[in-house]
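# Tertiary structure, described
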Amino acid sequence: MRFGMVHRVMTDALAALGVIALVASGQFNRYVSWAILIGLGLALVVRESWQRHPALRHLDTIVLLLVIAAQVFRIVVTDASVLDVLVEFAAALQIIRLATRKGAAHDQQVIVLALLHLIAGTVLGGGLGYGLCFLGVLVVAPGALVLSHLRREVEGNYRQGARDRTGLPVDVPRILRSRRVVGRSFLAVTCLLSIPIFVFTALLFVIFPRVGLSLLLLNRGHTGRMIGFSGKVDLGAVGVLRSDPKLAMRVEIPDLPEPPPMRLTMHLRGTALDAYDGRTWTQSESFKRPAENDAGLVPIERYPDPAVDPVMRIDLEPIDPPVIFLPPNATGLRFKHRGQLGVDPNTIAHRGPEGEFRYQPVDDRGLVYDVFLSRKRAPTFQRLAAAERRRYLELPKDMPSRIVDLAMAWTQGLERPVERARAIEARLRTEYRYDLASPSGQDPQPLDHFLFESKRGHCEFYSSAMAILLRAVDVPTRNVTGFIGGTYNRFGRFYAVRQGDAHSWVEVFLDGEGWVTFDPTPPADAAPKSELVGVWAYLRDFIEATSQRWDRHIVGYDLNQQVSLFQTLTSRYRRTGSSGEAALSTRRLLAVAGVALAVGGGLLYWRFRRGRRGREEDRSDSGRTPSSILATALYESLEAAMLAQGIPRPPSTPPLRHAEALGRVDHPLAREVLTLTQVYLRARFGGAKLTEDDSRDFERRVKALRSADLRALPPAESRLHASP
């Protein structure tokens, strides 16, 4: 393996891992991320000969000034975040240096920038993508640092006028082309250095106390607003709801059957809307007050009983606005305390209109909370004051009368509100067609157009139609937005709810029961979506499950987990000591012994093969005569002399052909080069013997050739002849 090629590959890999760690943090938008990755790819394929072209001598300075000017313009003129600008500039700086580097000094700058990018990735993201980049850096960094130091020393010796054993200046290109500097053992040892580094880092991570003054508070994710969870929904502006596969939350359900259903409908409630003006749903009330909180326990209608109530755990990704999602039979919440020293920013919940809950974001790691469920599956909200009943029956002032007539026709002969609700729900499910791009949204009366003209629309049209039709027959309703459910992750044993699972349904108030959930959207279209199947679905589930464990046990590693880990280890040690049993069972001892024997046997076999290969090489070398070995060393001095005279032999050209080529161009040194080359060939391959006098004469003539003192050369008829 060529020294220069291995050095460049390892340096490039380290730089790429640093930039990818920044991109994986999610700090950039999609277009900036693609621009950075494309720029990185182009910088990595730039050839060294292009980088040393005289026309590109000041390219790095020019491009750097342009990037600085562009970033300053963004800060002054646009509303770009200073943090975003600085991180983008750091990535651009690495790309510029990769594309314009010249020598070991620039390579060391690349390595320093890569390590700084890794640190920045820790601050900005710290997700699973960053973890993979971190492991890659652990493997590549030792070799890249050692090779960079070696190249820096070589180039430093060259600048200081150092000479090799032949007396010539240090030939940097030749060293970079050499295959003797870097071998497999070197790469194996430097890469294996990552193991003790990783172990030491892991011990520090586990043992070092978790403090709350983390730079993660600076992180600001680009989560974007999820449609339908604010206090306003316009039927004509909702657009395509179910086309985004991005993960929104992970839900762990208690007491699942075996095997768990692959798709589960949960109706996770986010926001409820009570006022409809013929086109837009809004909330008629607007207030925000802190929710009751008892040591992290938040009641909804009553305080839950943690000892007996089933618990659903929800791991919510960062969302804007920060809505807390609840199933229809929730009784209370419990937020996870971070368990940090110093400042302990506990989650603060706020209660809004229509039973909406929101949280106060502490950082951009989302929210993990437990939901206590009613054992009797009773609705979450059970009360409706008589004074408030009227606003859940209000209809738009300009609503066409035929909507009321339709409601009367569909519920004719039905007295109980629950029967009316089921009748309208069944009609909408069977007589209308689901369509994400409904034409009714452009009509001045979208609901009327949906019911009588197009008869097709997305979930907002279905829920709006049912809510208004029930109000027309004196049944209180409100429109609800949230997530319909999720698909089961077989590796993490949770349900993955995606942004494409955003949905809208209806809550109907039934006397004696409370606000009951109805979903008029056809079941096949309301079910949680999963676009991937087969191998891709397995791969997606594995990545998402691994990401959850990384977030929970690495990013979310806090004082509680640290104390719990030490308590577990301590209790196991005490149980083992008190019982007088051995620390390891016989099976474990046998397993450990087996692994040790396998590793030891593998090492012995490797040493045996390596020694055997070395002995074979020694035998092959011992087969060469002393004259052959001496001739090789003498010809190396001849090659150095030819290089000094500007007539080096290309590696692909045989010695005799090179000497004859000099003769064809009538070079003044051609005759002497041909003479010495023939001596070398006779001794090296012809079995001729070189005496001490021959060796001294060869060296004298090489010295004269190097100094181009043609007068010191013997006459043409004086030739060296190796003794037979």
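About the criteria used
- Residues numbered from 1 in each chain as written.
- Predicted model: local features only at pLDDT ≥ 70, side-chain atom pairs only at ≥ 80, totals over all residues.
- Heavy atoms only, no water.
- Helix = DSSP H or I, 4+ residues; strand = E, 2+ residues; numbered from the N terminus.
- Buried < 20%, exposed > 50% of the residue type's maximum accessible area, 1.4 Å probe, protein only.
- Contact = heavy atoms within 4.5 Å.
- Areas by Shrake-Rupley, 256 points an atom, 1.4 Å probe, with all protein chains shown as cover.
- Pairing = 2+ DSSP bridges.
- Axes fitted to C-alpha atoms, helices over the stretch in contact; angles between N-to-C directions.
- Salt bridge = Lys/Arg side-chain N within 4 Å of Asp/Glu carboxyl O.
- Parallel < 35°, antiparallel > 145°, perpendicular 65-115°, else oblique.

## Some remarks on the overall build of the protein chain
What the protein chain contains, in helices and strands, is 22 helices and 18 strands. Counting across all 724 residues of the protein chain, residues that qualify as buried make up 44%. Summarising the internal contacts of the protein chain: among those between residues at least 6 apart in sequence, 76% fall at separations of at least 24. Split by element, the accessible area of the protein chain, about 38700 Å² in all, is 60% carbon and sulfur.

## Some remarks on the sheet that holds strand 5 (residues 280–282)
With antiparallel pairing, 3 strands are arranged side by side in an open sheet as 1-5-4. The open sheet has two edge strands with one neighbour each: strand 1 (232–234) and strand 4 (275–276). Of the strand pairs in this sheet, strand 4 and strand 5 are connected by 2 bridges, and their pairing is antiparallel. Of the residues in strand 5, the one forming a bridge with Y276 is W281. On top of the sheet, helix 14 (residues 459–472) reaches strand 1, strand 4 and strand 5; it is set at about 75° to strand 5, its chief contact.

## Quick look at the pattern of salt bridges
Within this structure, the stated rule accounts for 36 salt bridges. When the shortest N-O distance is used, the salt bridge between R391 and E388 registers 3.8 Å. Several salt bridges converge on common partners, so that one network encompasses R269, D274, E285, E354, E388, R391, R478 and E507.

## Considering the packing of helix 13 (residues 446–454) against helix 14
Two elements in contact, helix 13 and helix 14, have axes separated by 10 Å at closest approach and are oriented at 95°. Considering their axes alone, helix 13 and helix 14 lie roughly perpendicular with respect to each other. Between helix 13, through P446, L447, F450 and L451, and helix 14, the contact on the second element is made entirely by F461, Y462, S464, A465, I468 and L469.

## Points about the sheet that holds strand 11 (residues 357–359)
Judged by pairing direction, the sheet is antiparallel, and its 3 strands sit side by side in the order 6-10-11 without closing on themselves. Looking at the sheet topology across the chains shown, the edges are occupied by strand 6 (289–290) and strand 11.

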